[in-house]
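An overview of the molecular structure
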Amino acid sequence: VARTMGKLQSKISFHTTKYRADGSVGQTGPAGASREHSPAHTDAVTSVAALQPDLCVSGGRDKSVAVSSWRSGAALRRFTGHEREVTKVTSALDSNRVFSASRDKTVMMWELHGTSGPSQHFLGHDLVVTGLAVSPDASLLCTGSRDNTVCKWDTETGECLGRAAISRNLVTHLCWVPGEPYVIQTSEDKTIRVWDSRELQVAHTFPAKQHIQTCCDVSQDGRYCLSSSSGSAGHGAEATLWDLRQTRGRVCEYKGHFQTTTACVFLPRGPALAPSIATSSSDSTVKVWDQDTAGRG
């Protein structure tokens, strides 16, 4: 059974229900649980990431990157330069640098307090760029593409420091392990790989899943990673918790979506909260799960 989030107060209140795309829920939380703001983009939003405690960055089909305040809802900065849809955005938390990937095969870096144009270009992929991961100090960037390659870049110079190709490795997502030189990568070949960014070599590959792996995330303590699966008609569409430090095996699965699970994320921990994760799906729902029991507790 999944749980959904109520209003964010001194702590988060959970209810046994689901969010749907049309705004309907099976059980409502306190009044005013959500707020709507003016659109940050003129077309579909394709990616969003945290930038600073009160700021987020987003990318869209309108080819732009926007920095918005979730408190006021205002779009504070807008960056343009890509020639096609933005596919992924990321940043090093509390950094002033924003990175975006695009269907135009490029990656760009933007300065929060700089001009509206990119401060750095990263050119080298042959197809759409589908994965971005930046090191905690924002000095290194890893990118992945449908061209079967993962690349490492110097963010200051834009120089490509390494390029690794694996047959059929159509990258779907990348994320950096906090405090470590490792990068997690999901792929359309149904695998989750752990890359050592120092030599840009695969340090570990988890057992292949039955479906395409669409997204990944890493816990703040670097102990676990999470991946999500494609699926349909109730088959597949699960999220999977993996142990990164000890067994390097599967810990838990979260099953309940009826179509592809498009994203997965570890939720911030609070003093009165059990570790939790959230998943979103093409079945129009967002589910929140107890990390340890998969919501069965």
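Residues take numbers from 1 onward in each chain, read along the sequence in its written order. With the structure being a predicted model, the display of local features is reserved for residues of pLDDT at least 70 and the display and counting of side-chain atom pairs for 80 or more, all residues being used for whole-chain, interface and lining totals. To get the side-chain values, take all heavy atoms of the structure and skip hydrogens and water.

Named according to an unreviewed UniProt entry, the protein is WDR31 protein originating from Vidua chalybeata.

Attention now moves to the sheet that holds strand β24 (residues 239-243). Spatial ordering of the open sheet is given by β20-β21-β24-β25, a layout of four strands whose pairing is antiparallel. Here the strands that pair on one side only, and so sit at the sheet edges, are β20 (213-218) and β25 (250-254). Recorded for the sheet is a direction-independent mean angle of 20° between the axes of neighbouring strands. Two strands are said to pair when DSSP picks up at least two bridges between them. Helix and strand labels come from DSSP, where a helix needs a run of H or I of at least four residues and a strand needs a run of E of at least two; each type is numbered from the N terminus. For β24 and β25, the ladder comprises four bridges, and the chain directions are antiparallel. Helix axes are fitted only over the stretch in contact, all axes being lines through C-alpha atoms; the angle between N-to-C directions runs from 0 to 180 degrees.

Before going further, it helps to spend a moment on the environment of Asp54. For Asp54, the position within the fold is in the loop between β4 (45-52) and β5 (55-60). Residues Asp54 and Arg71, spaced 17 residues apart in sequence, show a C-alpha to C-alpha distance of 6.6 Å. Here a residue-residue contact requires only that any non-hydrogen atoms of the pair lie within 4.5 Å. Not counting residues up to four positions away in its chain, the partners in contact with Asp54 are Ser68, Ser69, Trp70 and Arg71.

Moving on to the side chain of Asp147. Considering the arrangement of structural elements, one finds Asp147 in the loop between β13 (140-145) and β14 (149-154). Polar contacts involving the side chain of Asp147 include one to the side chain of His125, which spans 3.1 Å. Sequence-distant contacts of Asp147, that is, excluding residues within four places in its chain, are made with His125, Asp126, Leu127 and Arg163. Two N or O atoms count as a polar contact when they lie within 3.5 Å, although within protein this holds only if one can serve as hydrogen donor and the other as acceptor, and sequence-adjacent residues are included solely when both atoms are side-chain atoms.

Below, the discussion takes up the sheet that holds strand β9 (residues 97-102). Spatial ordering of the open sheet is given by β8-β9-β10-β11, a layout of four strands whose pairing is antiparallel. Of all the strands in the sheet, the pair left with one neighbour each is β8 (86-91) and β11 (120-123). For this sheet the average axis-to-axis angle between neighbouring strands, irrespective of direction, equals 20°. Summarising the sheet, strand β10 (residues 106-111) and β11 pair through four bridges and their orientation is antiparallel. By the bridge assignment, Val107 is partnered in β11 with Phe122.

Judged by how many residues are buried, strand β27 (residues 276-281) sits mostly within the fold: five of six residues are covered. Taken together, the five bridges between strand β26 (residues 261-266) and β27 define a ladder with antiparallel strand orientation. Bridge pairing in β27 places Thr261 opposite Ser281. Pairing between β27 and strand β28 (residues 285-290): five bridges, direction antiparallel. In the sheet register, Ser280 faces β28, and the bridge partner there is Val286. Hairpin geometry of β27 and β28 is characterised by an intervening segment of three residues between the two adjacent antiparallel strands and by a positive phi of about 75° at Ser284. Type-normalised accessible area, obtained with a 1.4 Å probe on protein chains alone, sets the label of each residue: buried when under 20%, exposed when over 50%, and partly exposed for intermediate values.

This next bit is on the pattern of salt bridges. Salt bridge, as used here, is a side-chain nitrogen of Lys or Arg placed within 4 Å of a carboxyl oxygen of Asp or Glu. Scanning the model with the defined rule gives 13 salt bridges in all. Measuring nitrogen to oxygen at the nearest pair gives 4.0 Å for the salt bridge that ties Arg61 to Glu85. Here the residue Arg61 occupies a position in the loop between β5 and β6 (64-69), and Glu85 occupies one in the loop between β7 (75-80) and β8, the gap between them amounting to 24 residues. On the basis of relative accessibility, which here comes to 47%, the residue Arg61 falls in the partly exposed class. The closest approach of N and O atoms between Arg163 and Asp126, which form a salt bridge, is 3.6 Å. With Arg163 in strand β15 (residues 160-165) and Asp126 in the loop between β11 and β12 (129-134), this residue pair connects regions lying 37 residues apart in the sequence. For Arg163, a relative accessible area of 42% gives the class partly exposed.

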